[in-house]
Amino acid sequence: MKQIMPYPVLAGAVIMTVREVRLDDVALPYGVISEQDHSVGLHAHDGENWSAIRLGLQVVAPRHELDANPWYSVAFLGIASERATNTQTAVKFMMGQPGEWSGEIELHHDNHRGRVQLSGQLVATVDDIPGRVIATVERPWTVDLRTRAATREDSIETRWTNFADDPELAWCRNDPWTVTTTDHVATLYLNSGFDGLRAVLESTKAVDRPTRDVLASQIAAGMWTALFSEAAQHVDGTELPNGWRGLVLRRMLPDLFPHHSQEDALREILNRGVGGIQPRVQHAAAKQARLPRSLGGLIRSLQKAGREEE
Amino acid sequence: MSTKLGLLPDESAAAFLTSGVLENSEPLPFSAIDRAAEPARWDAEPIRQLVNEAMKRFTPAERTSADAWVAPVLHSTLRLTRREAADSRIWNYLAVRLAHDYVYWRHLSRGNPPTVSRVRFSGPFHSQAFARLWWAAELFRDGSDYLPVVVACGNQDILNTVLRLDVILHRPTAQAIVRLLHTGIVRTGRQVNALARAANTAGSTLSYEALAPDNFRDPDAYRDWIEDMDNDLVSYDSLPIGPSDGTTRATSVVALTTLFRQIYAESPGAGEDTDIVPSM
């Protein structure tokens, strides 16, 4: 949500894109950049054996709005920050076309260890006051430096099992799926004893595709609803809970309360309880569930989700 | 005890910090702690020595004054990268295993029974007994100069309030706040808090990074300083010398000092001479 400021600010969005990632001057494959999650994942690369990562970034702001308003000396500052290591780096970007800036931010190994946020501010002179922030990047990026092994904990997993054979799951032996949680992991169990479930979900035939997609997204929506309710029980302030619970809330809160900051959204949960926001939970769960189009996609997205977690 | 430091996970530290331990009426189970800790590469002896020295130099009544002496000496004795210092396990080990006596000495409250808050042993960087001083030194030093650290740690409100604010991650902002404290523009805890609040609020509409750009911090120079550890004897009687990884841009500090002075003068809470502490 935009704050109200005592001077004119930009109404349109400032969009940041990661163009290139270089690890010790070697360009990494484009696959490390996820447009959808606004993240850069370095999981596959050796966690200790590097000294600097250089990110090539591009920023676009609505040009017509910049032209029409009383801002002077408009400049863009890219900012990389990690709270855990108390490190923040600001870099002034170069203007290319009007409304476009590009720049490079370097992250040094010794100054970072986990998740680094990439964001930035559009700054201008307004009413003779220099250095006014007239916009911030709408959707910041995250650079995740942790190695894969370290991030497997605290994740969401998917497992096939025959519920009838599992003493823990026998109580729901006729259900197609269920969710179990511990502090460290949330597991989506799919019932291989449920007639036809596996055949449909793992089918690669075009004819099965509509059924498969509907089924996968129903399971996913049910799963996200269950996980949200469980995670929300662990909210006790304005900070995200640890582990997978924080991950679930971070993914779903923007859809539950699109106009709230994360802190305010957490406050809403505390004030209204999960019961009071049930329609919103269903909406956000359905939205999460639409993202992957098949079970393979669902599983992949969960694995990715697990890796995002701190 | 090993001659090296260890890394003690948060969960293990939490298990050892029983209420009896926090009240200093029960001993810490050292052999169990040693089993729970992983070995680390830093020597334990220099840290133990500096803690002994602190408790010798300052009487229990002067314990808050010890912070300004300990912070620079700790920083230059325990040479960590920020990446390493962000790992809570090393701080847990110092407080729970190597120097628990210092934590009691420095942080035992006057309540009945007297107790130490759990976060002084294992907690966020701005609360934990050793992490707060190390990070204060790291965030308030000006390149190799620890003098601003001594000024900052001489005021408990800098440690208790300002240290946790995002704005001080910008070095010229941190240096400007210290300068106002050093020149006596702000003196009391209440004034420091008013200044910090005003600077933090103004920071949501003004970009200090744009108004006061900083110099580059040289990671290689910092690395060299870490590797020189074995050749340097850290002085107790004069200020140690920190890493020469680049000073804060002086013109930026001046610009922000002027700006903060103005913002502070216009803020509520400015100009009061004494701390009025309401009775609790």
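Nothing here was measured: the structure is a model prediction, and the numbers come from that model. (Residues numbered from 1 in each chain as written. Chains lettered and ligands numbered in written order. Predicted model: local features only at pLDDT ≥ 70, side-chain atom pairs only at ≥ 80, totals over all residues.)

**Points about the overall build of chain A**
The condition is simple: Only DSSP runs of H or I covering at least 4 residues are called helices, and only runs of E covering at least 2 are called strands; the numbering of each starts at the N terminus. Here the contact rule is simple: place C-beta atoms from the backbone, and any two residues whose C-beta atoms are within 7 Å are in contact.
Along chain A, the regular secondary structure elements total eight helices and 15 strands. Counting contacts in chain A only where the partners sit at least 6 residues apart, residues at least 24 apart contribute 68% of the total.

**Quick look at the environment of B:R41**
As a reminder of what qualifies: Residue burial is a threshold on neighbouring C-beta atoms within 10 Å of the residue's own C-beta, all placed from the backbone, with 20 or more meaning buried, 12 or fewer meaning exposed, and counts in between meaning partly exposed.
By secondary structure assignment, the location of B:R41 is in strand β2 (residues 38-43). Since 7 C-beta atoms lie within 10 Å of it, B:R41 is described here as exposed.

**Comments concerning the interface of chain A and chain B**
Where we set the bar: For this scheme, ten residues count as nonpolar: Ala, Val, Leu, Ile, Met, Phe, Trp, Tyr, Cys and Pro. Four count as charged, namely Asp, Glu, Lys and Arg, and the remainder, Gly too, count as polar.
With 23 residues of chain A at the interface, the matching set in chain B holds 17 residues. Only β6 (72-82), β7 (87-92), β10 (115-126) and β11 (129-136) of chain A provide two or more residues apiece to the side of chain A that touches chain B. Looking at side-chain class alone, the side of chain A that touches chain B contains nine nonpolar, 11 polar and three charged residues.

**What about the packing of helix α4 (residues 45-57) of chain B against helix α5 (residues 66-77) of chain B?**
All names here are of chain B. Our working definition: Interaxial angle, 0 to 180 degrees, is taken between N-to-C directions of lines fitted to C-alpha atoms, where a helix line uses only the stretch in contact. In what follows, roughly perpendicular refers to angles from 65 to 115 degrees, roughly parallel to angles under 35, roughly antiparallel to angles over 145, and oblique to any angle outside these ranges. Helix crossings fall into two classes, left-handed where the near helix is turned counterclockwise from the far one by less than a right angle and right-handed where it is turned clockwise.
Axis separation between α4 and α5 bottoms out at 11 Å; the angle between their running directions is 165°. It follows that α4 is roughly antiparallel to α5 by the angle criterion. Our pair here, α4 against α5, has a crossing hand that is right-handed. Mapping the contact onto sequence places P46, I47, L50, A54 and R57 in α4 and A66, W69, V70, V73, L74 and T77 in α5. In terms of residue class, the contact of α4 with α5 is made up of nine nonpolar, one polar and one charged.

**Description of the sheet that holds strand β8 (residues 94-95) of chain A**
Residue and element names in this part refer to chain A. How we decide: A pair of strands is labelled paired if DSSP reports no fewer than 2 bridges between them.
Strand order in the open sheet formed by five strands is β2-β1-β5-β9-β8, and the pairing between neighbours is antiparallel. If you trace the sheet from one side to the other, it starts and ends with β2 (26-27) and β8, each paired once. Judged from the eight bridges that link them, strand β1 (residues 15-23) and strand β5 (residues 52-60) form a sheet pairing that is antiparallel. Paired with L23 across the strands is I53, a residue of β5.

**Points about the domain arrangement of chain B**
How big an interface is tends to be expressed through the accessible area that disappears when the partners come together. Residues and elements named next belong to chain B. Short version of the rule: Domain start and end points were adopted from an automatic or database domain assignment.
Domain boundaries assigned for chain B yield domain 1 (1-140) and domain 2 (141-271). Taking the mean C-alpha position of each, domain 1 and domain 2 sit 24 Å from one another. Every contact between the two is made by 21 residues of domain 1 and, on the other side, 23 residues of domain 2. For the side of domain 1 that touches domain 2, the secondary structure elements donating two or more residues are α5 and α10 (131-140).

**Some thoughts on the nonpolar core**
Threshold: A set of buried residues drawn from Ala, Val, Leu, Ile, Met, Phe, Trp, Tyr and Cys, joined through C-beta atoms within 7 Å, is what defines a nonpolar core.
Ranked by size, the top nonpolar core spans 116 residues in total, and within it A:L122, A:I134, B:L74, B:A136, B:I177 and B:L195 carry the most contacts. When neighbours within four sequence positions are excluded, B:L195 is seen to be in contact with B:I177, B:L180, B:V186, B:F260 and B:Y264. Within the second largest apolar cluster, 33 residues are counted, among which are A:A220, A:V248, A:M252 and A:I277.

**Let's talk about the pairing of strand β15 (residues 185-191) of chain A**
A regular strand places its side chains so that they alternate between the two faces of the sheet. All names here are of chain A. With respect to burial, β15 is a largely interior element, five of its seven residues being buried. As paired elements, strand β14 (residues 177-181) and β15 share five bridges and run antiparallel to each other. Bridging across to β15, W177 finds its partner in L190.

**Some words on helix α14 (residues 189-202) of chain B**
Side chains three or four residues apart in an α-helix point the same way, a direct result of the helix having 3.6 residues per turn. All names here are of chain B. For the record, the criterion: A helix is expected to span 1.5 Å multiplied by its residue count minus one.
End to end, α14 covers 20 Å across 14 residues, agreeing with the expected 20 Å (1.5 Å per residue, within 8%). Burial in α14 covers these residues: Q191, V192, A194, L195, A196, A198 and A199. Against the buried residues of α14 lie α12 (156-160), α13 (171-182) and α17 (250-265).

**Notes on the confidence of the model for chain A**
Residue and element names in this part refer to chain A. We apply this condition: What pLDDT conveys is the predictor's confidence in a given residue, as a value from 0 to 100.
Per-residue pLDDT for chain A averages 84, and the proportion of residues at 70 or more is 88%. Across chain A, element-level confidence peaks in strand β9 (residues 100-108) with a mean pLDDT of 97 and bottoms out in helix α2 (residues 148-151) with 40. In the predicted structure, residues 148-153 sits below a pLDDT of 50 and forms nine contacts with residues beyond four places in sequence or in another chain. pLDDT under 50 marks residues 306-310. Its contacts with residues more than four places away, or in other chains, come to 19 contacts.

**A short note on the packing of α13(B) against α17(B)**
Residue and element names in this part refer to chain B. Viewed as axis vectors pointing N to C, α13 and α17 meet at an angle of 60°, and their least axial separation amounts to 8 Å. For the element pair α13 / α17, the angle class is oblique. Our pair here, α13 against α17, has a crossing hand that is right-handed. Residues P172, T173, Q175, A176, I177, R179 and L180 of α13 pack against S252, V253, L256, T257, F260 and R261 of α17.

**Some points on helix α5 (residues 243-256) of chain A**
Counted at 1.5 Å a residue, the expected span for α5(A) with its 14 residues is 20 Å, and the 20 Å between its end C-alpha atoms agrees. Of all the positions in α5(A), only A:G243, A:W244, A:R245, A:L247, A:V248, A:L249, A:M252, A:L253 and A:L256 are classed as buried.

**What about the environment of A:L190?**
All names here are of chain A. Along the chain, the position of L190 falls in strand β15. Take L190: there are 20 C-beta atoms within 10 Å of it, and that puts it in the buried class. Along the chain, L190 and D37 lie 153 residues apart, while their C-alpha atoms are 26 Å from each other. Beyond its immediate stretch of four places on either side in the chain, L190 contacts T158, W160, W177 and L197.

**Things to note about the pairing of β5(A)**
Residue and element names in this part refer to chain A. By the alternation rule, side chains of β5 split into I53, L55, L57 and V59, which are all buried, and A52, R54, G56, Q58 and V60, of which none is buried. Across nine bridges, the pairing between β5 and β9 is antiparallel. Bridge pairing in β9 places V59 opposite W101.

**Focus: the confidence of the model for chain B**
Per-chain confidence: chain B averages 92 in pLDDT, with 95% of residues scoring 70 or above. Note that pLDDT drops below 50 for residues 273-280 of chain B; the model gives that stretch four contacts with residues more than four away or on any other chain.

**Observations concerning the environment of A:V274**
Residues and elements named next belong to chain A. Tracing the sequence through the fold places V274 in helix α6 (residues 262-276). When the C-alpha positions of V274 and P62 are compared, they lie 38 Å apart, and in sequence the two are 212 residues distant. Contacts of V274, omitting those with residues within four sequence positions, involve S229, A232 and V281.

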